[in-house]
There are 2 protein chains.
Amino acid sequence: MYRATVHVTLRPSILDPQGKAIQSALDSLGQTAIESVRTGKRFVLTINADSEQEAREAATKACETLLANAVMEDFEVESVHALELVA
Amino acid sequence: MYRATVHVTLRPSILDPQGKAIQSALDSLGQTAIESVRTGKRFVLTINADSEQEAREAATKACETLLANAVMEDFEVESVHALELVA
């Protein structure tokens, strides 16, 4: 069993209205040091695989088919590590 | 200028219906190796600060006041690094 952490972010060229709204909300809270906010999604997948490579491929496939919108988002399989099975 | 990456995740004890829905969608797409999905948010903040420590504090404050729901979410300021200013 493996655990993969995946990040899905908007492409840099894509406008981020949610990020803009968060940044102006922080501004109105007096946190003016925050100049910009880019939002994204983070998924932690538990994967039944025989190797780390197989788990990474399963995570990549999940991103390509469902988790990331290929038109406007990039994804990155950040880490894959084995889970110790508790006997 | 600094760039901070922040993760906001649901506490382990909190149910994740969105994750459950994603997992069953992947199942119906034949990707049965994915046993569970936990969803979260990822923010990339550009911060006007004089030191890395000051930037980290600003990112933490933004999480405490707006980005993370203290009742059901945990947050982590994953990385803070200086941005080279292009002259």
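Further up the page is the structure itself.
Worth saying up front: this structure is predicted, and the values here are computed from it rather than measured.

Colleague: Can you lay out the sheet that holds strand 1 (residues 2-10) of chain A for me, pointing to particular residues and giving the numbers?
Modeller: Taken in spatial order, the six strands line up as 3(A)-1(A)-2(A)-2(B)-1(B)-3(B) in an open sheet, and their pairing is antiparallel. Two strands lie at the open edges of the sheet, namely strand 3 (73-82) of chain A together with strand 3 (73-82) of chain B, each paired on one side alone. Between one strand axis and the next, the sheet turns through 20° on average, direction left out of account. Alignment of strand 1 (residues 2-10) of chain B against strand 2 (residues 34-47) of chain B, held across eight bridges, turns out to be antiparallel. Looking across to strand 2 of chain B, one finds that Val6(B) is bridged to Phe43(B). Together, strand 1, strand 2 (34-47) and strand 3 of chain A together with strand 2 of chain B form the strand contacts of helix 2 (residues 52-67) of chain A, whose direction differs from that of strand 3 of chain A by roughly 155°. Packing of helix 2 (residues 52-67) of chain B onto the sheet brings it into contact with strand 2 of chain A together with strand 1, strand 2 and strand 3 of chain B, and relative to strand 3 of chain B it is tilted by some 155°.

Colleague: How would you sum up helix 1 (residues 17-28) of chain A? Please name residues and give values.
Modeller: Here helix 1 of chain A contains 12 residues, and its C-alpha end-to-end distance of 17 Å stays within 8% of the 16 Å for a straight helix at 1.5 Å per residue. For helix 1 of chain A, every residue scored as buried is listed here: Gly19(A), Ile22(A), Gln23(A) and Leu26(A). The arc enclosing the buried residues of helix 1 of chain A, seen along the axis, measures out at 100°, which places them on a common side. Seen from the open side of helix 1 of chain A, the exposed residues pointing more than 90 degrees away from its buried face are Pro17(A), Lys20(A) and Ser28(A). In this fold, the buried residues of helix 1 of chain A make contact with strand 2 of chain A together with strand 2 and helix 2 of chain B. Gly30(A) occupies a position one or two residues after helix 1 of chain A and carries a positive phi of about 90°.

Colleague: Give a description of the relation of the copies chain A and chain B that names residues and reports values.
Modeller: Of the two same-sequence chains, chain A is brought onto chain B (RMSD 0.0 Å, axial shift 0.0 Å) by a rotation of 180°. What the rotation and shift describe, once combined, is the action of a two-fold rotation axis. In terms of proximity to the rotation axis, the leading residue of chain A is Lys41(A), whose C-alpha is 2.3 Å off the axis.

Colleague: Account for the environment of Phe75(A), with residues named and values stated.
Modeller: Residues and elements named next belong to chain A. For phenylalanine 75, the location among the structural elements is in strand 3. The exposure class assigned to phenylalanine 75 is partly exposed, which follows from its relative accessible area of 32%. Taking C-alpha positions, phenylalanine 75 is 8.7 Å from leucine 10, a pair spaced 65 residues apart along the chain. In this view, phenylalanine 75 contacts His7, Val8, Thr60, Cys63, Glu64 and Ala68; residues no more than four positions away in its chain are not counted.

Cut-offs and rules
- Residues numbered from 1 in each chain as written.
- Chains lettered and ligands numbered in written order.
- Predicted model: local features only at pLDDT ≥ 70, side-chain atom pairs only at ≥ 80, totals over all residues.
- Heavy atoms only, no water.
- Pairing = 2+ DSSP bridges.
- Helix = DSSP H or I, 4+ residues; strand = E, 2+ residues; numbered from the N terminus.
- Axes fitted to C-alpha atoms, helices over the stretch in contact; angles between N-to-C directions.
- Contact = heavy atoms within 4.5 Å.
- Expected span 1.5 Å × (residues − 1).
- Buried < 20%, exposed > 50% of the residue type's maximum accessible area, 1.4 Å probe, protein only.
- Arc of directions from axis to C-beta.
- Least-squares fit on C-alpha atoms with pLDDT ≥ 70 in both.

Keep in mind these numbers describe shape, not what the thing actually does.
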